[in-house]
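# Observations on chain architecture
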Amino acid sequence: MKDYIEERSVDIGNYIVENGATVRQTAAKFKISKSTVHKDVTVRLSEVDPPLASRVRSVLNLNKSERHIRGGMATKAKYLRIKNSFLHDT
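Residues numbered from 1 in each chain as written. Predicted model: local features only at pLDDT ≥ 70, side-chain atom pairs only at ≥ 80, totals over all residues. Heavy atoms only, no water.

### Overview of the overall build of the protein
- In terms of regular secondary structure, the protein is built from four helices and zero strands.
- The helix and strand sequence of the protein, counted from the amino end, reads α-α-α-α.
- With the principal axes as the frame, the protein shows a C-alpha extent of 60 × 25 × 20 Å.
- Across the 90 residues of the protein, 26% fall into the buried class.
- By sequence separation, contacts in the protein at least 24 residues apart represent 59% of the contacts at least 6 residues apart.
- For the protein, the accessible surface area stands at approximately 6400 Å², while carbon and sulfur atoms represent 54% of it.
- Distance from the positive charge centre (17 side chains) to the negative charge centre (10 side chains) of the protein: 12 Å. (Helix = DSSP H or I, 4+ residues; strand = E, 2+ residues; numbered from the N terminus. Buried < 20%, exposed > 50% of the residue type's maximum accessible area, 1.4 Å probe, protein only. Contact = heavy atoms within 4.5 Å. Areas by Shrake-Rupley, 256 points an atom, 1.4 Å probe, with all protein chains shown as cover. Lys, Arg positive; Asp, Glu negative; His and termini not counted. Charge placed at Lys NZ, Arg CZ, Asp CG, Glu CD.)

Dropping the structure here:
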């Protein structure tokens, strides 16, 4: 594996652990695809830094367990925006 990929994997792993970030947030921060983030932290990081990979896995599992809640909150906010824009337009 190329050195810069190993470094990126560790940087991504540290970012996720320090910020409790999702794969989507991490991809936006590092300007790479979600697929690359996922591969870096699940496959490559396990080879480079197994203890960090374990901590990242814990954060990602927590994010996954909370995903349905965040989705519900986003949907609620969307419909509140629609309702408010409708009320202001009339």
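Right, picking up where we left off after that structure.
### Remarks on the packing of helix 1 (residues 3-19) against helix 4 (residues 50-89)
- Relative orientation of the contacting elements helix 1 and helix 4 amounts to 45 degrees, with a least axis distance of 9 Å. When the axes of helix 1 and helix 4 are compared, the pair comes out oblique. Along this stretch, helix 1 crosses helix 4, giving a crossing that reads as left-handed. Here Val10, Gly13, Asn14, Ile16 and Val17 of helix 1 come into contact with helix 4, specifically with Leu52, Arg55, Val56, Val59 and Leu60.
- In terms of residue class, the contact of helix 1 with helix 4 is made up of seven nonpolar, two polar and one charged. (Axes fitted to C-alpha atoms, helices over the stretch in contact; angles between N-to-C directions. Parallel < 35°, antiparallel > 145°, perpendicular 65-115°, else oblique. Left-handed = near helix turned anticlockwise from the far one by under 90°. Nonpolar A, V, L, I, M, F, W, Y, C, P; charged D, E, K, R; others polar.)

### Examining the pattern of salt bridges
- Per the stated rule, a full pass over the model turns up two salt bridges.
- Across the salt bridge formed by Arg8 and Asp40, the nearest N and O atoms sit 2.7 Å from each other. Taken together, the residues Arg8 in helix 1 and Asp40 in helix 3 (residues 34-48) connect sequence positions 32 residues apart. When sorted by exposure, Arg8 lands in the same class as Asp40, which is buried.
- With its nearest N and O atoms 2.5 Å apart, the salt bridge here joins Asp40 to Arg44. Taken as a pair, Asp40 and Arg44 lie in helix 3 at a separation of four residues, close to a single helical turn. The exposure classification of Asp40 matches that of Arg44, with both residues buried.
- Here the residues in one salt-bridge network are Arg8, Asp40 and Arg44, joined through shared partners. (Salt bridge = Lys/Arg side-chain N within 4 Å of Asp/Glu carboxyl O.)

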